[in-house]
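Survey of secondary and tertiary structure
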Amino acid sequence: MVGLDVLNSYIDILETEFSYGKKHRGNGLIRNEDKMNEYTKHELEEARTSLASTLHKCEKMQDSGRLQSSHKTLNDRRVRALRIALTLIKKEMRSRNDD
């Protein structure tokens, strides 16, 4: 799946972002930015669609109130990570349109 490859790149970026902390954030993102050039606009659009769908489903679970504490925490983190990934995809697509 094309969208899965793009998602994996964003997961790499997010893992770098969250694992190194504020002191090293810039270094991790710069190192992984070059990976975004590997994907076409169509691949990014497919990934955005897939991530948006997953985000919607996770948000519905949040709203249902049926999640236990540990599952709620995990789902909250997923929602945050998906929002970040979608923001990064939008930023990348905007930067390509500006070129």
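Below or above, wherever it landed, is the structure these notes cover.

Concerning helix α3 (residues 41-64)
In a regular helix each residue adds 1.5 Å, so 24 residues correspond to 34 Å; α3 covers 35 Å between its end C-alpha atoms and thus fits that length. For α3, the full list of buried residues reads Glu43, Leu44, Ala47, Leu51, Leu55 and Cys58. Backbone geometry just after α3 places glycine 65 at a positive phi near 75°.

Comments concerning the nonpolar core
Judged by nonpolar contacts, the single largest core of 13 residues is most densely connected at Leu44, Leu51, Leu55, Leu82 and Ile89. At six residues, the largest contribution of residues to this core is made by helix α4 (residues 69-98).

Here's the deal with the pattern of salt bridges
Scanning the model with the defined rule gives three salt bridges in all. Lysine 72 serves as the salt-bridge partner of aspartate 76, at 3.0 Å between the closest nitrogen and oxygen. With aspartate 76 and lysine 72 both in helix α4 and four residues apart, the pair spans about one turn of that helix. By relative accessible area, aspartate 76 is classed as partly exposed at 26%. The exposure class of lysine 72 is partly exposed, given its relative accessible area of 42%.

Quick notes on the rules
- Counting starts from 1 at the beginning of each chain's written sequence and moves along it residue by residue.
- For this predicted model, a pLDDT threshold of at least 70 governs which residues receive local features, and a threshold of 80 or more governs which side-chain atom pairs are given and counted, while totals over whole chains, interfaces and linings are taken from all residues.
- Think of the side-chain values as coming from all heavy atoms in the structure, minus any hydrogens and water.
- Helix and strand assignments follow DSSP, with helices taken as H or I runs no shorter than four residues and strands as E runs no shorter than two, numbered in order from the N terminus.
- In a helix, the anticipated span is given by 1.5 Å times the number of residues less one.
- Any residue under 20% of the maximum accessible area for its type is buried, any over 50% is exposed, and the rest in between are partly exposed; the area is computed with a 1.4 Å probe on protein chains only.
- Side-chain atoms within 4.5 Å are what join buried Ala, Val, Leu, Ile, Met, Phe, Trp, Tyr and Cys residues into a set we call a nonpolar core.
- Definition used for salt bridges: Asp or Glu carboxyl oxygen within 4 Å of a side-chain nitrogen of Lys or Arg.

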